[in-house]
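# Observations on the model geometry
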Amino acid sequence: MAQLFDFKKVTIGPRALVATVELAPSAPLMTSDDAEATKRVLELLPHLSDHVCLGDAAPTFGEVARDTELAHLLEHVTVELLAQTDIAGDVSCGQTAETAERTYEITLGCPDDVLVAGALSSAAWVLQWAFSGGGDPQPDVEAIVSGLVALVESVSDQPGEKNDEPADSEDEKPAAAPEPVAEPEPEVAPEPEPEPESEVASEPVPAPAPEPAPTQSAWDMDDVPRPHFVR
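Report on the accompanying structure. (Residues numbered from 1 in each chain as written. Predicted model: local features only at pLDDT ≥ 70, side-chain atom pairs only at ≥ 80, totals over all residues. Heavy atoms only, no water.)

### Comments concerning the pairing of strand S1 (residues 5–12)
- Bridge count between S1 and strand S2 (residues 16–23): seven bridges; the pairing is antiparallel. Bridging from a neighbouring strand, Asp6 pairs with Glu22 of S2.
- What sits between the antiparallel neighbours S1 and S2 is a turn of three residues. (Pairing = 2+ DSSP bridges. Helix = DSSP H or I, 4+ residues; strand = E, 2+ residues; numbered from the N terminus.)

So, in structure tokens, the structure goes:
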């Protein structure tokens, strides 16, 4: 058989968990549609018959269990598993209301969201077993309850966030003043490099003219005899 229940939405509030559940098309709508499966559930959890059932045709669930909505049976199986954990506080009943065709809203008191969600899931598994023909092995209720308790303890044992910030104290020593930072020396502007002298072509200086040697007359009339012309 396909899954009996399809959990459409689960809302966790400050005081209650509300689950919107839709029954599969092949699932029985009423417990009277499969009396044998209903009997398996009541034998597995005999304390269901003692549950108070407010707003129903009879004061106890045992009087209506064999002809009630399957979602109503899911509610009471969840409450029974919560009661057997001994850590659920005053969760003694829930409420089931039809909201649409084959769709129901189950409201359960919520002392711990992990615990209640786990119990609801386990209850759906128990009904899946019962309405799928039963058979061995049958659900071990004691093991289911122990598992729910261990689940809650494992979550609560997780360390929370620690505050690593130190507490304020009047005796705290003042923080040391930061060491002064030496001011940087002013940068000295580099001296400008001398511009290269432009090479100006200088006019050549004329060499001094040599002094003229003393001229000597071609004829020294005193030393050289005067020539005689010849015809």
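### Brief notes about the environment of Val116
- By secondary structure assignment, the location of Val116 is in helix H3 (residues 113–130).
- Taking the C-alpha atoms as reference points, Val116 and Val152, separated by 36 residues in sequence, lie 9.9 Å from one another.
- Other than its neighbours up to four places away in sequence, Val116 contacts Leu17, Leu82, Leu108, Gly109, Cys110 and Pro111. (Contact = heavy atoms within 4.5 Å.)

### Section: the pattern of salt bridges
- Taken as a whole and judged by the stated rule, the model has three salt bridges.
- With a closest N to O distance of 3.3 Å, Glu22 and Lys8 form a salt bridge. Within this pair, whereas Glu22 is found in strand S2, its partner Lys8 is found in strand S1, the two being separated by 14 residues in sequence.
- Of the charged contacts in the structure, one is a salt bridge between Lys39 and Glu43, with a shortest N-O distance of 4.0 Å. Highlighted residues: Lys39 and Glu43, both in helix H1 (residues 35–44), separated by four residues, approximately one helical turn.
- Look at Glu43 and you get exposed, because its relative accessible area is 56%.
- It is possible to trace a salt-bridge network through shared partners that takes in Asp6, Lys8 and Glu22. (Salt bridge = Lys/Arg side-chain N within 4 Å of Asp/Glu carboxyl O. Buried < 20%, exposed > 50% of the residue type's maximum accessible area, 1.4 Å probe, protein only.)

### With respect to the pairing of S2
- Across seven bridges, the pairing between S2 and strand S4 (residues 103–109) is antiparallel. Directly across from Ala16, in S4, lies its bridge partner Gly109.

### Observations regarding a nonpolar patch on the surface
- A contiguous nonpolar patch, built from Phe7, Val10 and Ile12 and spanning about 240 Å² of accessible area, is present on the exposed surface.
- Counting through the fold element by element, Val10 comes out in strand S1. (Patch = residues over 30% accessible without salt bridge, like charges linked within 9 Å, V, L, I, M, F, W, Y side chains within 5 Å. Areas by Shrake-Rupley, 256 points an atom, 1.4 Å probe, with all protein chains shown as cover.)

### Brief notes about the packing of H1 against H3
- Two elements in contact, H1 and H3, have axes whose closest approach is 8 Å; the angle formed by their N-to-C orientations is 130 degrees. Considering the angle they form, H1 stands oblique to H3. The hand of the H1/H3 crossing is right-handed. The residues of H3 that touch H1, namely those facing Ala37, Arg40, Val41 and Leu44, are Val126, Leu127, Trp129 and Ala130.
- Residues that form the contact of H1 with H3 fall into these classes: seven nonpolar, no polar and one charged. (Axes fitted to C-alpha atoms, helices over the stretch in contact; angles between N-to-C directions. Parallel < 35°, antiparallel > 145°, perpendicular 65-115°, else oblique. Left-handed = near helix turned anticlockwise from the far one by under 90°. Nonpolar A, V, L, I, M, F, W, Y, C, P; charged D, E, K, R; others polar.)

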